[in-house]
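# Examining the three-dimensional arrangement
Listed here are the chains, written in short residue letters.
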Amino acid sequence: MAEIIVVTSGKGGVGKTTTSASLACGLARAGKKTAVIDFDVGLRNLDLIMGCERRVVYDFVNVLLGEASLKQALIRDKRFDNLHVLAASQTRDKDALTREGVEKVLKGLADEGFEYILCDSPAGIEKGAYLAMYFADRAVVVVNPEVSSVRDSDRILGLLASKTKKAEAGERVTEHLLLTRYNPERVEKGEMLSISDVEEILGLKVIGVIPESPDVLQSSNAGIPVILDEASPAGIAYTDAVARILGEDRPMRFTTVEKKGFFSRIFGS
């Protein structure tokens, strides 16, 4: 049975799509048959980060409206045979999304044997975001260590607890925090919230801490999810987060200021 994971946040620009792409690649690399769906109708960025924008023929809305089959619209990743992308439409309105249509697509993916279905949610609380989370078994709430991002994420946690299929059945979506753009030096200077600050405010533990890194933007621009950059701290941190999603216990890395050794302090290198 497929597990549906929504990647969501209250605020735009925190790294949701980067996270969706990296988690999807990480799960596929771990041998899991994985699909990732772009729910951001009208914008569509997931295909760019996944590097498959030129291969989009049919999209999510085409499938919902019966204009294409699920098999026609799914794009197989060139790096992993067990990873598929369902792109959003750039030309349709968000009203094209319906609960019944989304349920049909998710059921179709489950029937095709997908083990994990990631829903890349638009920011905020509009229709696309609501439908991305409605059928979720698990949620990864992406947060930057700043007050506005944390406050907006608190609203999303409220919706996950009250406006999902599981909530209607008296159950809870399993919620995780993923902290992005974390800089321990700025935390020490009081310029950024600490991990414990964010966990205390939102009442959840982080499943991953992604360090602030130029590698993320460079990878996105190249159409290569940063998790595939094995030399990048951000890529390593995403790999750790995927392992934790799969139940592995790993220590958090890149969360403290690296102390310079004696010779580094003397010679400045």
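Right, let's walk through the structure included here. All chains use their own residue numbering, which begins from 1 and follows the written sequence. Given that the model is predicted, a residue must reach a pLDDT of at least 70 before its local features are reported, and side-chain atom pairs must reach 80 or more before they are shown or counted; all residues, however, enter totals for whole chains, interfaces and linings. Derived side-chain values reflect all non-hydrogen atoms in the structure, with water molecules and hydrogen atoms excluded from consideration.

## Thoughts on unusual backbone geometry
Applied cut-off: Helix numbering and strand numbering both begin at the N terminus, where a helix is a DSSP run of H or I of at least 4 residues and a strand a DSSP run of E of at least 2. Using a 1.4 Å probe on the protein chains alone, a residue whose accessible area is under 20% of its type maximum counts as buried, one over 50% counts as exposed, and one in between counts as partly exposed.
The backbone of Arg44 sits at a positive phi, close to 65°, despite the residue not being glycine. Here Arg44 lies in the loop between strand E2 (34–38) and helix H2 (46–50). The buried category is assigned to Arg44, whose relative accessible area is 14%. The backbone of Arg181 sits at a positive phi, close to 55°, despite the residue not being glycine. Here Arg181 shows up in strand E7 (residues 174–182). Residue class for Arg181 comes out partly exposed when judged on its relative accessible area of 41%.

## Here's the deal with helix H10 (residues 195–202)
Rule in force here: This arc corresponds to the set of directions leading from the helix axis out to the C-beta atoms. The contact rule is simple, with two residues in contact once any of their heavy atoms fall within 4.5 Å.
Of the residues making up H10, those classed as buried are Ile195, Val198, Glu199 and Leu202. Across the axial projection of H10, the buried residues extend over an arc of 100°, all falling on one side. Of the exposed residues in H10, those oriented more than 90 degrees away from the buried face are Glu200 and Ile201. At its buried positions, H10 is contacted by strand E6 (138–143), helix H7 (147–162), E7 and strand E8 (206–211). Phi turns positive, to about 70°, at Gly203, one or two residues after H10.

## Notes on the nonpolar core
Selection rule: We define the nonpolar core as a collection of buried residues of types Ala, Val, Leu, Ile, Met, Phe, Trp, Tyr and Cys that are connected through side-chain atoms lying within 4.5 Å of one another.
Within the largest apolar cluster, 51 residues are counted, with the highest numbers of intra-cluster contacts made by Ile37, Phe39, Phe60, Leu86, Val105, Leu109 and Leu160. Among the elements that line this core, the one with the most residues is H7, at 5 residues.

## Side note on the packing of aromatic side chains
Selection criterion: Any pair of Phe, Tyr and Trp rings, taking the six-membered ring for Trp, is counted once the centres come within 6.5 Å. Such a pair is stacked with planes under 30 degrees apart, edge-to-face with planes over 60 apart, and tilted for the rest. Charges are assigned to positions over rings by a cutoff of 6 Å between ring centre and Lys NZ or Arg CZ, combined with an angular limit of 35 degrees from the ring normal.
This model, assessed by the stated rule, comprises 3 aromatic pairs. Between Phe39 and Phe60, the aromatic rings sit 5.0 Å apart at their centres with planes inclined by 75°, giving edge-to-face as the arrangement. With Phe39 in the loop between E2 and H2 and Phe60 in helix H3 (residues 60–64), this residue pair connects regions lying 21 residues apart in the sequence. For Phe60, a relative accessible area of 0% gives the class buried. With centroids separated by 5.8 Å and ring planes inclined at 55°, the aromatic side chains of Tyr130 and Tyr134 adopt a geometry described as tilted. Residue Tyr130 and its partner Tyr134 are located together in helix H6 (residues 127–134), separated by 4 residues, close to a single helical turn. A connected cluster of aromatic rings, assembled from ring pairs, spans Tyr130, Tyr134 and Phe135. Of note, Lys33 hangs over the ring of Phe114, and the distance from its end group to the ring centre comes to 4.7 Å. Geometry around Tyr134 places Arg99 over its ring, the cationic atom sitting 4.1 Å from the centre.

That's the geometry; what it means functionally is another story.
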